[in-house]
Amino acid sequence: MLNVNQITKLQEIRTPFYLYDMELLGRTVAEVARLSAEYGIEVHYAVKANAQPRILEYIASQGLGADCVSGNEVLKALESGFPAGKIAFAGVGKTDLEIETAVRNGIFSINCESLPEIEAVDAIASRLGLRARVSARINPDIDAHTHKYITTGLEENKFGISEYDFDALISLIKKSKSLDFNGLHFHIGSQITDVEEVFSLECRRAAEIVSYFEDRGLAIENIDLGGGLGIDYENPDGHPVPDFERWFGTIAAGFPERNGRKLHIEPGRSLVAQCGTLCTRVLFVKKGKSKTFLITDAGMNDLIRPALYGAYHKVENLSAVSRGESVNAVYDVVGPVCESSDVWGEGRELPESFRGDLLAIRSAGAYGQVMASRYNLRDLAGAYYLDTL
Ligand code: LLP
């Protein structure tokens, strides 16, 4: 929650812009670091959620690892201070150059998503005269009970290696020349709110698959269960730090016997979403026949989640907070982009709002700024930090 002083400072900044709360990020990361030590589960931050340099450097400085999905993310993670030995690299379509970058830097794990990829990594490492640490990303065929665009562990998804390929995978790894086998990687989806149900199912399935591989002579040193913990988009101030205890606890309970194997997770959204807000100004209040529109200067190019997934983000009128007004009107809040899906929310209850008012689009720290585009040749929104306003 911002105070009137902070809101006054924000009013002076050119909109739209992203605002990050590093104090909240600090509390969130501290909680994760505490649970990581308590449960012995290693954490790799999913860089794709937010790659702002200050955020990456802070997370690296607190001892977490990184989960990357492109060669550029690997390089950015290294540049931000994540040690190579804590960087995992997944993705269904790695180019030769990206694989080479990962191999040359000796990262913790290249998470291979298909048999041809394993062959390519082996060939590239052999050509370079280096060894590559690889894990197999497995498609466990589990429904994460989330939006179909962000569920990744079902059989028809493009992600991971499916059961019918396990035997071929095992023999490929055994006969490889330059690969060190690291373990198994899973990731079943994002914004998962049925935490116990979905993650305990993932653990059960992962344990079965681990046994299958070990019974066939392939030792599994590392089990990476991916990311996916959901956050509270409806009430960000009610749950600024997500319930990590439940997630860590469910995963630890899923592996009562570890037999020397290490567990890993890859949170993205849950670490950074609540720390970010998209700030935008009301350009016009437009009265329709039955609706009143608030037209903002931020659009789907700044934050695509509502347009792409129909995602809910809470909208607040910060100027009305500083005027001391409470909710007494209903608006459709919409962006300026020439697409009908450029809508922040329909029928939103807000205080009476005026041209020039500053609005906050909440929980925008994950998959916000990183997914921005210059559609309509609009400028990219910059980043500001609450502690250095
Ligand atoms: N690990 C892997 C291999 C992933 O693919 C992802 C996210 C994560 C970890 C982190 O998941 P998280 O903890 O953030 O749920 N743009 C979408 C989300 C896409 C997630 C892609 N993969 C959104 O805005 O909801």
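The rules behind these values
- Residues numbered from 1 in each chain as written.
- Predicted model: local features only at pLDDT ≥ 70, side-chain atom pairs only at ≥ 80, totals over all residues.
- Heavy atoms only, no water.
- Disulfide = S-S within 2.5 Å.
- Buried < 20%, exposed > 50% of the residue type's maximum accessible area, 1.4 Å probe, protein only.
- Near = heavy atom within 4 Å.
- Polar contact = N/O pair within 3.5 Å; in protein donor to acceptor, adjacent residues only side chain to side chain.
- Nonpolar A, V, L, I, M, F, W, Y, C, P; charged D, E, K, R; others polar.
- Phe/Tyr/Trp six-rings, centres within 6.5 Å; stacked < 30°, edge-to-face > 60°.
- Lys NZ or Arg CZ within 6 Å of the ring centre and 35° of its normal.
- Salt bridge = Lys/Arg side-chain N within 4 Å of Asp/Glu carboxyl O.
- Helix = DSSP H or I, 4+ residues; strand = E, 2+ residues; numbered from the N terminus.
- Axes fitted to C-alpha atoms, helices over the stretch in contact; angles between N-to-C directions.
- Parallel < 35°, antiparallel > 145°, perpendicular 65-115°, else oblique.
- Left-handed = near helix turned anticlockwise from the far one by under 90°.
- Contact = heavy atoms within 4.5 Å.
- Pairing = 2+ DSSP bridges.
- Core = buried A, V, L, I, M, F, W, Y, C linked by side-chain atoms within 4.5 Å.
- Right-handed = clockwise from strand over helix to strand, strands pointing away.

Enquirer: Please explain the state of the cysteines as it appears in this structure.
Expert: Disulfides are covalent bonds that connect the sulfur atoms of two cysteines. One pass over the structure, following the stated rule, counts 0 disulfides. Between Cys275, a cysteine without a disulfide, and Cys279, which holds the nearest cysteine sulfur, the sulfur-to-sulfur distance is 14 Å. Judged by relative accessible area, Cys275 falls into the buried class, the value being 5%.

Enquirer: How should I be thinking about the site of the ligand in this particular structure?
Expert: Lining the immediate environment of the ligand, one finds 18 residues, of which Ser190, Glu266, Arg305, Tyr309 and Tyr367 sit closest. Within the side chain of Glu266, a nitrogen or oxygen atom sits 2.6 Å from a nitrogen atom of the ligand. The residue makeup of the shell around the ligand, split by class, is 6 nonpolar, 6 polar and 6 charged.

Enquirer: How should the packing of aromatic side chains be read in this particular structure?
Expert: Geometry of an aromatic ring pair is reported as the spacing of the ring centres plus the angle between the planes. Applying the stated criterion across every chain yields a total of 9 aromatic pairs. Residues Trp247 and Phe248 carry aromatic rings whose centres are separated by 6.2 Å and whose planes lie at 75° to one another, so their mutual orientation is edge-to-face. With a relative accessible area of 0%, Phe248 lands in the buried category. Among the aromatic residues, ring-to-ring pairing joins Tyr39, Phe199, Trp247 and Phe248 into one connected group. Cation over ring: Lys94 sits above Phe89, and NZ or CZ is 5.3 Å from the ring centre. Between the NZ or CZ atom of Arg216 and the centre of the ring of Tyr212, over which it lies, the distance is 3.5 Å.

Enquirer: What am I meant to see in the pattern of salt bridges here?
Expert: If the charged atoms of two oppositely charged side chains come close together, the side chains can form a pair. Here the structure, examined in full by the defined rule, presents 26 salt bridges. For Asp180, the salt bridge goes to Arg131, with nearest N and O atoms at 3.1 Å. On the criterion of sequence distance, the pair formed by Asp180 in strand β7 (residues 179–185) and Arg131 in the loop between α6 (115–128) and β6 (132–137) is long-range, its members being 49 residues apart. Judged by its relative accessible area of 44%, Arg131 falls in the partly exposed class. Measuring nitrogen to oxygen at the nearest pair gives 3.0 Å for the salt bridge that ties Glu325 to Arg323. A relative accessible area of 32% means that Glu325 is categorised as partly exposed. The class for Arg323 is partly exposed, based on a relative accessible area of 38%.

Enquirer: Could you clarify how one ought to interpret the packing of helix α2 (residues 22–39) against helix α3 (residues 53–61) in this entry?
Expert: When two helices pack together, you describe them by how their axes are tilted relative to each other and by the distance separating the axes. Contact geometry for α2 and α3: axes closest at 11 Å, N-to-C directions at 30°. Taken as axis vectors, α2 and α3 run roughly parallel relative to one another. Note that α2 runs across α3; the crossing there is right-handed. Each of Met22, Leu25, Gly26 and Val29 in α2 lies in contact with α3, whose residues at this interface are Arg54, Ile55, Tyr58 and Ile59. A breakdown of the residues in the contact of α2 with α3 according to their chemical character gives 6 nonpolar, 1 polar and 1 charged.

Enquirer: How should the sheet that holds β6 be read in this particular structure?
Expert: Backbone hydrogen bonds are what pair the strands of a sheet, in a parallel or an antiparallel way. Pairing is parallel around the closed barrel formed by 8 strands, whose spatial order is β2-β3-β4-β5-β6-β7-β8-β9. Across the sheet, the axes of successive neighbouring strands diverge by a mean angle of 30°, strand direction being ignored. Two strands pair when backbone bridges link them, and strand β4 (residues 87–89) and strand β5 (residues 109–112) are joined in this way by 2 bridges, in the parallel orientation. The residue bridging Ala88 from the neighbouring strand is Ser109, located in β5.

Enquirer: Just checking my understanding: could you explain the nonpolar core for this structure?
Expert: A general trend in soluble globular proteins is that nonpolar side chains are found buried together. By size, the foremost hydrophobic cluster in this structure holds 99 residues, and its most contacted members are Leu184 and Phe213. Counting residues per element, this core draws most heavily on helix α8 (residues 195–215), which supplies 8 residues. Discounting residues that sit within four places of it in the chain, Phe213 has contacts with Ile138, Phe166, Leu169, Ile170, Leu184, Leu218 and Ile220.

Enquirer: When you look at the side chain of Arg348 in this model, what are you seeing that I'm missing?
Expert: By the element assignment, Arg348 lies in strand β14 (residues 343–350). There is a polar contact of 2.8 Å between the side chain of Arg348 and the backbone oxygen of His313. Ignoring any residue separated from it by four or fewer positions in sequence, one finds Arg348 in contact with Tyr312, His313, Lys314, Val315, Ala329, Val330, Tyr331 and Val333.

Enquirer: I would appreciate a short explanation of the side chain of Gln191 in the present structure.
Expert: With respect to the element layout, Gln191 can be found in the loop between β7 and α8. A relative accessible area of 15% means that Gln191 is categorised as buried.

Enquirer: What exactly am I supposed to notice about the environment of Arg127 here?
Expert: Mapping Arg127 onto the fold places it in helix α6. In sequence terms Arg127 and Glu100 are 27 residues apart; their C-alpha atoms lie 9.9 Å from each other.

Enquirer: Any chance you could explain the pairing of strand β2 (residues 41–46) here in plain terms?
Expert: Consecutive side chains along a regular strand alternate between the two faces of the sheet. Within β2, 5 of the 6 residues are buried, leaving the element largely enclosed by the surrounding structure. Two strands pair when backbone bridges link them, and β2 and strand β9 (residues 262–265) are joined in this way by 3 bridges, in the parallel orientation. Within the sheet, the bridge partner assigned to Glu42 lies in β9 and is His264. One ladder, built from 3 bridges, connects β2 with strand β3 (residues 65–68); its direction is parallel. Residue pairing in the sheet places His44 in a bridge with Gly65 of β3. The parallel pair β2 and β3, bridged by α3, forms a crossover whose chirality is right-handed.

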